[in-house]
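Residue-level structural notes
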Amino acid sequence: MNSWPEAESACYRASSQKELDALPDTITSLYLMRWSDEARVVQLDRFKQLDRLVYWGGVSGTDDKPWFRAPSSVKDFRIEGGDESFAILLASLRPASKLTELHVNCSVLFVDADCDLAQLSELSKLSISAFRVAREGTTVADYSPADEAKVAGDWVRRLASLPAAECLWLDIPASPDVAAEAISGMPKLTSFGGTSIGNEYLAALAKKHSPIEELNLAGNTRVTDQGLKSLASLPGLKVLNLTGCSRIGDYAIPYIAAIPNLESLNISAATGEYDKSLPRPMRMVEYPGAKDDKDGFKRVFRLQDPELLKRLGEAKTLRTLIIRCVTTITTSTIAAIVSKLENLETLDLSSCVPKEGDPVVNGSKSGILSDTSSLSFLADHKKLKAVIMNGYASNHETRPSPATDAALKALAQSKTITHISLDNAELISLAAIRSLSNMEQLTSLSMYSVSVEGNLSDTLTAFANLVSLSIDARAGRNDVDVGALYRMPKLKRLQIEVLSYSILANESIGQSGLTELDVTCYPGDGWSEVTELARKLSKLRSLRLYPLPESEKGATEENNFRSEIEKVRKTLELRLVRR
């Protein structure tokens with residue numbers, strides 16, 4: 001529910017009073033980054049249209065004299081870093097009487113159970129992430145885990161009284177189970193989650209017949225298989241995220257399948273959770289017979305029993321199923337699940353392939369997902385619209401994509417699939433990509449960081465109805481004529497990797513009908529190239545650039561660019577992402 005980089009990328013920014021003074025009065029978003037003038041009060045009153053305020057660093061001052069005050073127009077405030085006092089934060093936000101979103105991400109959060117929350121009567125979204133929680137006027141060293149749990153519990157019970165709160169995220173170390181009943185009674189709460197809430201919260205939500213529609217337990221370390229049993233009593237629950245939940249595994253599947261109106265389920269593993277390089281067992285959970293189950297294979301992963309996993313097919317209302325990085329799942333298991341999910345529209349199998357040399361520990365000697373020649377059952381599904389088979393790549397880790405030539409040729413037979421995503425796939429050829437062009441209904445194709453031999457742009461122009469495309473156009477990776485992409489008659493959204501922004505200012509740019517452009521440029525040009533690009537694409541409504549050109553002027557150069565573009569393109573949503 002909270003995207004810090006996305007929020008920052010849409011903001012003007014300032015790290016000193018000098019930079020702040022240079023900004024126009026009419027800005028709507030502001031990011032105070034590593035503010036260097038904390039000794040003086042930051043004057044923000046002149047920004048009468050400021051809607052979003054983001055701050056990196058700690059809030060200094062006192063309850064009576066905070067070092068800044070948010071303008072009355074601010075509706076969305078986010079603060080990250082440092083040790084925060086919630087009381088001083090409230091004092092800083094007191095003028096913002098229409099605040100609807102508050103996101104706090106800090107090291108230590110100092111709270112007071114008796115704080116007056118009346119000024120937050122309009123707040124609908126609240127997320128709190130902190131490594132430690134302590135009472136105002138004390139130090140963290142004063143607290144044992146039991147003390148910290150009590151302080152956090154008293155404070156969270158106060159937060160539960162917010163009258164307009166619809167979305168609540170709690171990522172605090174001492175999970176305050178004593179606050180479970182208060183949270184479950186929030187009358188408008190539709191989205192809830194946290195990394196350290198326990199089974200007590202889920203039981204309380206069910207007991208109070210909470211109106212909750214979305215439950216996000218991504219990274220949760222406390223909820224267990226048995227805890228999910230309560231969810232069957234929540235008829236409004238539609239979205240459940242269990243990504244990387246270390247104590248939720250196979251034995252929770254029947255409870256998940258019993259949720260009456262569940263539409264979206266994410267049971268992905270944490271990135272790297274199933275890697276051979278990690279010690280075994282990864283995170284042993286409390287399974288009956290965990291050491292040696294009925295099929296005779298040692299249970300070392302949370303999700304590995306084919307018979308239990310197949311019971312996901314009993315969740316008849318599912319429209320979206322996400323199973324990333326679960327390398328123990330087999331093609332036959334996926335087929336058994338999907339064949340029963342008649343309403344399924346989106347299936348994500350990204351990185352569900354073991355790395356080379358990794359063991360397959362799933363009770364099956366054959367049929368691992370890397371044998372994608374048997375994925376034809378996806379093409380036969382009557383309602384499936386999106387298939388996602390991405391790989392994962394970062395500076396520290398890579399995970400394979402399950403996409404192969406055989407998989408693409410099978411998918412090409414589908415009459416319903418409109419979106420295919422193959423980001424970071426390494427085992428596909430130009431011929432297999434070309435086979436997808438026969439899918440008249442295909443409108444979206446994502447191949448970010450995919451490299452193939454041959455003229456890729458010639459192949460892509462055969463996709464007559466493509467509206468959205470993600471592609472790697474870096475020299476040495478693919479042979480791509482950007483002008484040919486601009487001339488594609490229905491293309492509206494383009495995500496592209498290039499080595500120079502100037503490459504995109506092609507002579508065919510005037511023919512482009514693009515409304516959304518997302519550019520990753522290595523190593524990046526100057527601001528003049530970026531300005532030319534933004535001006536020439538006259539139909540653009542959204543532009544995202546990463547990374548920004550290096551400049552000694554830093555924020556000043558970036559802010560000048562924003563102002564210049566806004567003068568000629570007032571409706572353009574501009575997002576500038578820094579390294």
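These lines cover the structure that appears in this document, whether it is placed above or below. (Residues numbered from 1 in each chain as written. Predicted model: local features only at pLDDT ≥ 70, side-chain atom pairs only at ≥ 80, totals over all residues. Heavy atoms only, no water.)

Some points on the overall build of the protein chain
Across its full length, the protein chain carries 16 helices and 24 strands. In the protein chain, buried positions account for 57% of the 579 residues. Looking at the protein chain alone, contacts between residues at least 24 apart form 66% of all its contacts between residues at least 6 apart. Accessible area of the protein chain: about 24,200 Å², with a carbon and sulfur share of 48%. (Helix = DSSP H or I, 4+ residues; strand = E, 2+ residues; numbered from the N terminus. Buried < 20%, exposed > 50% of the residue type's maximum accessible area, 1.4 Å probe, protein only. Contact = heavy atoms within 4.5 Å. Areas by Shrake-Rupley, 256 points an atom, 1.4 Å probe, with all protein chains shown as cover.)

Things to note about unusual backbone geometry
With omega at -15°, the peptide bond leading from Y546 into P547 counts as cis. Within the element layout of this structure, P547 appears in the loop between β23 (542-546) and α16 (555-568). Of note, N424 is a non-glycine position whose phi angle comes to about 65°, a positive value. Note on placement: N424 falls in the loop between β18 (419-421) and α12 (430-435). For N424, a relative accessible area of 22% translates into the label partly exposed.

Considerations on the pattern of salt bridges
Scanning the entire structure with this criterion turns up 24 salt bridges. The partner of R311 in a salt bridge is E314, and the shortest N-O contact between them spans 3.0 Å. Put simply, R324 and D348 hold a salt bridge, and the shortest N to O gap is 2.7 Å. Within this pair, whereas R324 is found in the loop between β13 (320-322) and α9 (331-340), its partner D348 is found in strand β14 (residues 346-348), the two being separated by 24 residues in sequence. Overall, R324 belongs to the partly exposed group, its relative accessible area being 36%. For D348, a relative accessible area of 3% translates into the label buried. What emerges from the salt-bridge pattern is a single network uniting R52, D76, R78 and E101. (Salt bridge = Lys/Arg side-chain N within 4 Å of Asp/Glu carboxyl O.)

Remarks on the pairing of strand β9 (residues 191-194)
Residue alternation in β9 divides its side chains into two sets, S191 and G193 and F192 and G194, and both sets are buried. Where strand β8 (residues 167-171) lies against β9, 4 bridges are found, and the strand directions are parallel. Across the sheet, L170 pairs through a bridge with G194, a residue of β9. Read as a crossover between parallel neighbours, the route from β9 over helix α6 (residues 199-207) to strand β10 (residues 214-216) is right-handed. (Pairing = 2+ DSSP bridges. Right-handed = clockwise from strand over helix to strand, strands pointing away.)

Structural notes on the packing of aromatic side chains
Using the criterion set out here, one finds 6 aromatic pairs in the structure. For the ring pair Y55 and W67, a centre distance of 5.3 Å and an interplane angle of 65° mean the geometry is edge-to-face. Of the two residues, Y55 is situated in strand β3 (residues 52-56) and W67 in the loop between β3 and β4 (76-80); the sequence distance between them amounts to 12 residues. A single burial state applies to Y55 and to W67, both of which are buried. (Phe/Tyr/Trp six-rings, centres within 6.5 Å; stacked < 30°, edge-to-face > 60°.)

Comments concerning a nonpolar patch on the surface
Together, L499, I503 and Y522 make up a nonpolar patch on the protein surface, roughly 230 Å² of accessible area in all. The class for L499 is partly exposed, based on a relative accessible area of 35%. (Patch = residues over 30% accessible without salt bridge, like charges linked within 9 Å, V, L, I, M, F, W, Y side chains within 5 Å.)

Re the side chain of N266
Mapping N266 onto the fold places it in strand β12 (residues 264-266). Overall, N266 belongs to the buried group, its relative accessible area being 9%. Within the local environment of N266, its side chain forms a polar contact with the side chain of T243, the two groups lying 3.2 Å apart. Dropping the residues within four chain positions of it, N266 is found in contact with L240, N241, L242, T243, I322 and R324. (Polar contact = N/O pair within 3.5 Å; in protein donor to acceptor, adjacent residues only side chain to side chain.)

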